[in-house]
Amino acid sequence: MVMTAVFRVDSSIDIGTGHVMRCLAFADELKTKSISAYFICRDLPGSIHETIRSRGYHVILLPLQLPYKDIQYSDDYAGWLQVSQAQDSHEYINCLQNLNISSNVIIIVDHYALDDVWENEIKKVCNSIIIAIDDLVRPHIADIIIDQTLGRLESEYKILCSGGKILTGSDYALIRSSFYEKREFSFDLAMNRNMDIFITLGGFDKKNILSKIIYSLQRNPLPWAEKITVLLNSTSLNFEFIAEKIKHGSAQIELVSFVNDMPSFMLNYSIAIGAPGTTTWERAAMGIPAILIPIAENQKDVAKSYAEQNAGIIVHPDHINDHLVTAINDLKEDYIQKRDINYLISDGLGLRRIIQSIWPYKAKDGLDISLKKATKSDIAIVYAWQCQATTRRYARNSTIPSLREHVDWMEAKLSDPTCYFYIIHHSSSPAGVIRLDRLESFCYEVSVFIDEQKQRINIAKQALKMVAELHAEIDIIATVLEKNIASQSLFHSLNYIKIGDTTFKLEKRTHG
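Residues numbered from 1 in each chain as written. Predicted model: local features only at pLDDT ≥ 70, side-chain atom pairs only at ≥ 80, totals over all residues. Heavy atoms only, no water.

Trainee: Please clarify how the sheet that holds strand β15 (residues 368–373) should be interpreted in this entry.
Mentor: Strand pairing in a sheet relies on backbone hydrogen bonds, with the paired strands running either antiparallel or parallel. Strands sit in the order β14-β15-β16-β17-β18-β19-β21-β20 across an open sheet of eight strands; the sheet is mixed. Each end of this open sheet is capped by a strand with a single partner; those strands are β14 (361–362) and β20 (497–498). With four bridges connecting them, strand β19 (residues 475–479) and strand β21 (residues 503–506) associate as antiparallel partners. Each bridged residue has a counterpart across the sheet, and for Ala478 the counterpart in β21 is Phe504. The strands that helix α7 (residues 178–189) touches are β16 (419–426), β17 (429–440) and β18 (443–450); relative to β17, the one it contacts most, it runs at about 50°. Helix α18 (residues 403–414) rests against β16 and β17 of the sheet, and its axis sits at about 105° to β16. (Pairing = 2+ DSSP bridges. Helix = DSSP H or I, 4+ residues; strand = E, 2+ residues; numbered from the N terminus. Contact = heavy atoms within 4.5 Å. Axes fitted to C-alpha atoms, helices over the stretch in contact; angles between N-to-C directions.)

So this is what it looks like as structure tokens:
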């Protein structure tokens, strides 16, 4: 079946570029599934339509009704749209009809001015999957709701939204999967990276907060930082002003106007200064703690959650002159702990998880299989499964661990950024564990066990398929005792190659 994704997203001098950039990452991931994409955007001042086109996607422009109504407050989201939701939805529907793709369409809307009112108008006409990307906890009637805010709870949306699958938290961060691949390199570099700093405030910085940051760093040089890089697109409002300021300032600070490969760029840095937008999750995936400077109302929740996790430090724009350099030095002193917390916050696999949620794998009984990151709240149920006879029968160590041993072991695993520890869910019910432990760069060992009440319905097989799809850039090793005939057969059926009496290997599925 040929499918098409049609995004409804805007960028402008008031909206910024973040919504478009995360939708582009989504479109790139859908392309790996042979799903093409169109972008429907209003023709607003400061929009980045050419960036979308340069990435190979068609852009259809909705007309701007002049004069442009200036936005007075950063949280005037209705003003972003410049028209009513009813008008916008009707124009969107007309575009779909003109494209002649009214069937097999995935509608993806990422806009703070569009909510259940807009979605309801679309549903009247289109029998399509609607995916709403949000950060503000608003009413929706979409089929899937995504909020990548760190610490966001599914329950916050359930009381506002009718039906729909709700995906919340930074495990669903909408960043390119190339961050996952480069993350592997960053694990090896983490202890040897220079304590260099990069600064980026996103696509638009109307109040020129960046100049305050540069001024503060020029007045108070950091002797331990060999290099401070300012990343600013040459199309940005304040580019010429910033370029001149850096040119006549400290040689420690350099300006970079364009980066094609952001994950590789980030490999060279240990600390960041930036706004708490989507780049927060990109930095976290690379283990880079940040000084967060909220420059918009909608960034406050992210900044607050990030600081509460002890992942970095908030400095408000009005406090840059007095507090920025002190905050950077404090972050450096606590660098290793904050680096590992960042690694645990985001791993670059959010879009792949979203796609697995749109088209879930199924058990033999037809119920959905899903993987969720394990937390400390899962320690008790995992211990119960560890004590089951079916788990111990073919374990390397058949002795049941004590509860204290289990707690210590699982807490260590959960705090290890190189361990991917998943609870397998059968519909809404926890059903087992699948875990990846790093052996060396791009090579992990897989372990899987299923609750004895949930066996023989293909849960383990589907979970192994899902992990192989999520973690496509790595080799996966499985150790299976020779007498465990059923598991040996299982790994054979999943294209693992037997490389020893008890060892199977699945080579990486993509080649960078």
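Back to the text.
Trainee: Just checking my understanding: could you explain the nonpolar core for this structure?
Mentor: A general trend in soluble globular proteins is that nonpolar side chains are found buried together. Counting 38 residues, the largest nonpolar core has Leu371, Ile434, Val446 and Tyr496 as its most contacted members. When near neighbours in sequence (up to four residues on either side) are disregarded, Tyr496 contacts Val446, Leu464, Ile476, Ala478, Phe491, Phe504, Lys505 and Leu506. Ala27, Leu30, Ile52 and Ile146 belong to the second largest nonpolar core, which has 32 residues in total. (Core = buried A, V, L, I, M, F, W, Y, C linked by side-chain atoms within 4.5 Å. Buried < 20%, exposed > 50% of the residue type's maximum accessible area, 1.4 Å probe, protein only.)

Trainee: Just checking my understanding: could you explain the packing of helix α16 (residues 379–386) against α18 for this structure?
Mentor: One can describe the packing of α16 onto α18 by two numbers: an axis separation of 10 Å at closest approach and a directional angle of 120°. When the interaxial angle is binned, α16 and α18 end up oblique. Of the two elements, α16 crosses α18, and the hand of that crossing is right-handed. Residue-level contacts link Ile379, Val382, Tyr383 and Gln386 of α16 to Leu403, His406, Val407, Trp409, Met410 and Glu411 of α18. Of the residues belonging to the contact of α16 with α18, the class tally is seven nonpolar, two polar and one charged. (Parallel < 35°, antiparallel > 145°, perpendicular 65-115°, else oblique. Left-handed = near helix turned anticlockwise from the far one by under 90°. Nonpolar A, V, L, I, M, F, W, Y, C, P; charged D, E, K, R; others polar.)

Trainee: Looking at this structure, how should I read the sheet that holds strand β8 (residues 197–200)?
Mentor: Taken in spatial order, the six strands of this open sheet run β10-β9-β8-β11-β12-β13, and their pairing is parallel. Every other strand in the sheet has two partners, leaving β10 (253–256) and β13 (313–314) as the edge strands with one partner each. Two elements, strand β11 (residues 271–274) and strand β12 (residues 290–292), share three bridges in a ladder whose sense is parallel. Counted as the bridge partner of Ala272 is Ala290 from β12. Helix α9 (residues 239–247) rests against β9 (228–231) and β10 of the sheet, and its axis sits at about 150° to β10. Seen against the sheet, helix α13 (residues 320–333) touches β8, β11, β12 and β13 and runs at an angle of roughly 145° to β12.

Trainee: Sorry if this is basic, but what is going on with the state of the cysteines here?
Mentor: Put plainly, a disulfide is one covalent bond tying together the sulfur atoms of two cysteines. With the rule as written, the count across this model stands at zero disulfides. Free of any disulfide, Cys41 has its nearest neighbouring cysteine sulfur in Cys23, separated by 8.5 Å. Between Cys387, a free cysteine, and Cys419, which holds the nearest cysteine sulfur, the sulfur-to-sulfur gap is 19 Å. (Disulfide = S-S within 2.5 Å.)

Trainee: How do you make sense of the side chain of His425 when you look at a structure like this?
Mentor: Mapped onto the secondary structure, His425 falls in strand β16. Setting aside residues no more than four positions away along its own chain, His425 makes contact with Asp368, Ile369, Ser370, Lys372, Pro430 and Ala431.

Trainee: Would you explain the pattern of salt bridges in this entry?
Mentor: Charged atoms that come close allow side chains of opposite charge to pair. Scanning the entire structure with this criterion turns up 34 salt bridges. A salt bridge links Asp143 to Lys123; its shortest N-O distance comes to 3.7 Å. Highlighted residues: Asp143 in the loop between β5 (129–133) and β6 (144–147) and Lys123 in helix α5 (residues 116–125), separated in sequence by 20 residues. Asp143 gets classed as partly exposed once you look at its relative accessible area, which sits at 30%. Look at Lys123 and you get partly exposed, because its relative accessible area is 32%. Of the charged contacts in the structure, one is a salt bridge between Glu473 and Arg352, with a shortest N-O distance of 2.7 Å. (Salt bridge = Lys/Arg side-chain N within 4 Å of Asp/Glu carboxyl O.)

Trainee: Even after reading the chapter, I still don't get the environment of Gly500, so can you show me in this structure?
Mentor: Of note, Gly500 is situated in the loop between β20 and β21. Distance from Gly500 to His49, taken between C-alpha atoms, is 54 Å for residues 451 residues apart in sequence.

Trainee: What's the story with the packing of aromatic side chains in this structure? I'm lost.
Mentor: The geometry of an aromatic ring pair is captured by two quantities: the separation of the ring centres and the angle between the planes. For the coordinates displayed, the defined rule picks out 17 aromatic pairs. With a centroid separation of 5.6 Å and an interplanar angle of 55°, the aromatic rings of Phe39 and Tyr57 are classed as tilted. Pair noted here: Phe39 is in strand β2 (residues 36–42) and Tyr57 is in the loop between α2 (49–54) and β3 (58–62), with a separation of 18 residues, a long-range link. Exposure class is identical for Phe39 and Tyr57. Each is buried. Centroid distance Trp80 to Tyr112: 5.2 Å. Interplanar angle 25°. Geometry classified as stacked. (Phe/Tyr/Trp six-rings, centres within 6.5 Å; stacked < 30°, edge-to-face > 60°.)

Trainee: Whenever I open this one, unusual backbone geometry confuses me. Can you help?
Mentor: What is expected of a backbone is that most residues other than glycine have negative phi and most peptide bonds are trans. In this chain, Leu66 is followed by Pro67 through a cis amide linkage whose omega measures 0°. Secondary-structure assignment places Pro67 in the loop between β3 and α3 (77–81). The backbone phi angle of Val137 is positive, close to 55°, even though this residue is not glycine. Mapped onto the elements of the fold, Val137 is located in the loop between β5 and β6. We classify Val137 as partly exposed; its relative accessible area is 21%. Notably, Arg456 is not glycine yet its phi reads approximately 70°, a positive angle. Looking at the element boundaries, Arg456 is found in the loop between β18 and α19 (459–470). What makes Arg456 exposed here is its relative accessible area of 76%.

Trainee: Just to check I follow, could you spell out α7 for this structure?
Mentor: One full turn of an α-helix is made of 3.6 residues, so residues set three or four places apart face in the same direction. Here α7 spans 17 Å end to end across 12 residues, near enough to the 16 Å set by a 1.5 Å rise per residue. The set of residues buried in α7 consists of Phe179, Tyr180, Glu181, Lys182, Arg183, Glu184, Ser186 and Phe187. (Expected span 1.5 Å × (residues − 1).)

Trainee: Honestly, the pairing of β19 in this entry has me stumped. Any pointers?
Mentor: Both faces of the sheet carry side chains from a regular strand, because those side chains alternate between them. Counted residue by residue, β19 has four buried out of five residues, so it is predominantly covered. Inspection of the sheet shows β18 paired to β19 by four bridges, in the parallel sense. Bridge pairing links Glu445 to Ile477 in β19. As for the winding sense of the linkage, the β-α-β connection from β18 through α19 to β19 is right-handed. (Right-handed = clockwise from strand over helix to strand, strands pointing away.)

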